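Survey of secondary and tertiary structure
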Amino acid sequence: MLIKKPSDIRPSEITSHDNYLNRREFIRAGAIAGGSLLASSALGAVIPEGQLAKLEGVRASAFSTGESPNSYDDITTYNNYYEFGTGKGDPVVYARDFEPRPWTIRVEGHAEKTGTFDLDDFVKPFDLEERIYRMRCVEAWSMVIPWVGISLAEVVKHLQPTSKAKYVAFETLNDPDRMPGLRRRVLDWPYREGLTIAEATNPLPILAVGLYGEVLPNQNGAPIRLVVPWKYGFKGIKSIVTIRFTERMPKTSWNMSQPREYGFYANVNPEVNHPRWSQARERRIGASVFATKQPTLMFNGYGDEVAHLYDGLDLRRNF
Ligand SMILES: Nc1nc2c(c(=O)[nH]1)N[C@H]1C(S)=C(S)[C@@H](COP(=O)(O)O)O[C@H]1N2
Ligand SMILES: [Mo]
């Protein structure tokens, strides 16, 4: 069983949670000792100044995995975020001065509640939850990440899509002055992703606004990004500015770029290899260099919750 209710979690498994709480205290103590909020310290590069705000009123989620989370450093220094460079170490450096406030989200298309909303107003009606999710990148690495977010299903219900809405499309900010990577046409910007309405109203996906109980760091997609734990990481679009309810399947960035390699569904599937490499196993970031790769699980281990969404769909053709 991969999904545990809080009551199923043995005390030995809670240690990692304590560790990260301690680590947060450590960061805070460092910030105070350093006086100037880490701005010029080595840690400042990892945790951008002003992003240490603790999120209040976060409840634990029954959907969290019992696996130990990766360290804050793993999660915030090994990133994919092409708007800030194509190297895994680029986002932590080049997103450092990004200002994720003020921020508005535009809701468009087939829904009753469309318009432009200030982010804080947009998030306010929903419960903040910690969801510790296994994340699996298409490049065959994985991490366990303690996100804080709001249920996407709740957001979608709140926006009242009409019967014409079959998909939800998302877009990232497209501002080259704030995102230097946009000056290179490595993708057809803005970064785009999408889900079917059935996927978007499943209880698992969240719009994440935090990490390790704190505000989301820039390199992880501040101020708000999608997290879909049974799909390859590229579905988790960062720094969202547009949510659009559509009748037709929306275009998605990686599918537009390499249609043979990346599909719309992008479900984690150890039986369907990427054309250039196997998807059967994965490397857990932060594990010992001597550790063997671990087997990848169908739907990243979330099959009980999501397999029914794909009944009758050929997952080899619809990859
Ligand atoms: N806007 C945007 N979102 C993005 C990406 C990107 O380049 N731009 N990369 C994706 C990929 S390939 C992955 S694996 C995840 C990585 O999220 P993380 O850096 O928080 O682990 O973000 C996804 N979201
Ligand atoms: Mo990825």
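Below you will find a few notes about this structure. (Residues numbered from 1 in each chain as written. Chains lettered and ligands numbered in written order. Predicted model: local features only at pLDDT ≥ 70, side-chain atom pairs only at ≥ 80, totals over all residues. Heavy atoms only, no water.)

Regarding the overall build of the protein
- Scanning the protein for helices and strands turns up 9 helices and 13 strands.
- Looking at the protein as a whole, 51% of its 319 residues qualify as buried.
- In the protein, once contacts between residues fewer than 6 apart in sequence are set aside, the share between residues at least 24 apart is 73%.
- When the accessible surface of the protein is totalled, it reaches about 14,600 Å², and 52% of it is carbon and sulfur. (Helix = DSSP H or I, 4+ residues; strand = E, 2+ residues; numbered from the N terminus. Buried < 20%, exposed > 50% of the residue type's maximum accessible area, 1.4 Å probe, protein only. Contact = heavy atoms within 4.5 Å. Areas by Shrake-Rupley, 256 points an atom, 1.4 Å probe, with all protein chains shown as cover.)

Let's talk about the side chain of Thr-246
- Note that Thr-246 resides in strand E11 (residues 240-246).
- Relative accessible area serves as the criterion here: at 13%, Thr-246 is assigned to the buried category.
- Once residues within four sequence positions are removed from consideration, Thr-246 is found in contact with His-110, Lys-164, Ala-165, Lys-166, Tyr-167 and Ala-169.

A closer look at the site of ligand 1
- Not every one of the 16 residues close to ligand 1 is listed here, only the nearest: Asn-79, Tyr-82, Glu-83, Gly-236 and Lys-238.
- Between ligand 1 and Asn-80 there is a distance of 3.3 Å, counted from a nitrogen atom to a backbone nitrogen or oxygen.
- In the model, a nitrogen atom of ligand 1 is placed 2.9 Å from a nitrogen or oxygen of the Thr-172 side chain.
- Protein coverage of the free-state accessible area of ligand 1, which is 540 Å², stands at 95%.
- Partitioned by chemical class, the residues of the shell around ligand 1 number 7 nonpolar, 6 polar and 3 charged. (Near = heavy atom within 4 Å. Polar contact = N/O pair within 3.5 Å; in protein donor to acceptor, adjacent residues only side chain to side chain. Nonpolar A, V, L, I, M, F, W, Y, C, P; charged D, E, K, R; others polar.)

What about the environment of Cys-137?
- Along the chain, the position of Cys-137 falls in the loop between strand E4 (129-136) and strand E5 (141-151).
- According to the relative accessible area criterion, Cys-137 is buried, its value standing at 7%.
- When residues no more than four places from it in sequence are discounted, the contact partners of Cys-137 are Asn-80, Tyr-232 and Gly-233.

A short note on helix H6 (residues 152-159)
- Of all the positions in H6, only Leu-152, Ala-153, Val-155, Val-156 and Leu-159 are classed as buried. Down the axis of H6, the buried set is contained in an arc of 160°. They therefore lie on one face. (Arc of directions from axis to C-beta.)

A few points about unusual backbone geometry
- Residues Arg-101 and Pro-102 are joined by a peptide bond in cis, for which omega reads -10°.
- With respect to the helices, strands and loops of the structure, Pro-102 is situated in the loop between helix H4 (90-94) and strand E2 (104-109).
- Ala-222 connects to Pro-223 through a cis peptide bond whose omega is 0°.
- Looking at the element boundaries, Pro-223 is found in the loop between strand E9 (214-215) and strand E10 (225-227).
- The backbone of Ala-266 shows a phi angle near 55°, a positive value even though the residue is not glycine.
- Inspection of the secondary structure assignment puts Ala-266 in the loop between helix H8 (253-257) and strand E12 (281-284).
- At Asn-300, a residue that is not glycine, the phi angle is positive and equals roughly 55°.

Some words on the sheet that holds strand E7 (residues 192-196)
- Pairing is mixed in the open sheet, where 5 strands are placed in the order E3-E2-E11-E6-E7. Lying at the two open borders of the sheet, with one neighbouring strand each, are strand E3 (115-118) and E7. Across this sheet, the average inter-strand angle for adjacent strands is 20°, counted without regard to direction.
- Across 6 bridges, strand E6 (residues 167-172) lies against E11 in antiparallel orientation. Residue Glu-171 lies in a different strand from E11, and its bridge partner there is Thr-242. (Pairing = 2+ DSSP bridges. Axes fitted to C-alpha atoms, helices over the stretch in contact; angles between N-to-C directions.)

Here's the deal with the pattern of salt bridges
- Tallied over the full model, the rule gives 19 salt bridges.
- In this structure, the salt-bridge partner of Arg-101 is Asp-120, at a minimum N-O distance of 3.1 Å. Of this pair, Arg-101 sits in the loop between H4 and E2 while Asp-120 is found in helix H5 (residues 119-123), placing the two residues 19 residues apart along the sequence.
- Among the salt bridges present, the one from Arg-244 reaches Glu-108, with a minimum N-O distance of 2.8 Å. Within this pair, whereas Arg-244 is found in strand E11, its partner Glu-108 is found in strand E2, the two being separated by 136 residues in sequence.
- Look at the salt bridges and you will find they share partners, linking Arg-59, Asp-127, Glu-129 and Arg-131 into a network. (Salt bridge = Lys/Arg side-chain N within 4 Å of Asp/Glu carboxyl O.)

As for the packing of aromatic side chains
- Enumeration according to the criterion identifies 14 aromatic pairs in this entry.
- With centroids separated by 5.1 Å and ring planes inclined at 85°, the aromatic side chains of Tyr-78 and Trp-141 adopt a geometry described as edge-to-face. A residue pair is termed long-range when its members are at least 10 positions apart, and Tyr-78 in the loop between helix H3 (72-77) and H4 and Trp-141 in strand E5 qualify at 63 residues.
- On the basis of relative accessible area, Tyr-78 is assigned to the partly exposed category, the value being 22%. (Phe/Tyr/Trp six-rings, centres within 6.5 Å; stacked < 30°, edge-to-face > 60°.)

Here's the deal with the pairing of E7
- The buried count for E7 comes to 5 of 5 residues, which makes it a mostly enclosed element.
- Every second residue of E7 is oriented toward a common face, with Arg-192, Gly-194 and Thr-196 on one face and Glu-193 and Leu-195 on the other, all of them buried.
- Direction of pairing for E6 relative to E7: antiparallel, over a ladder of 5 bridges. Looking at the pairing, Ala-169 lines up with Gly-194 of E7.

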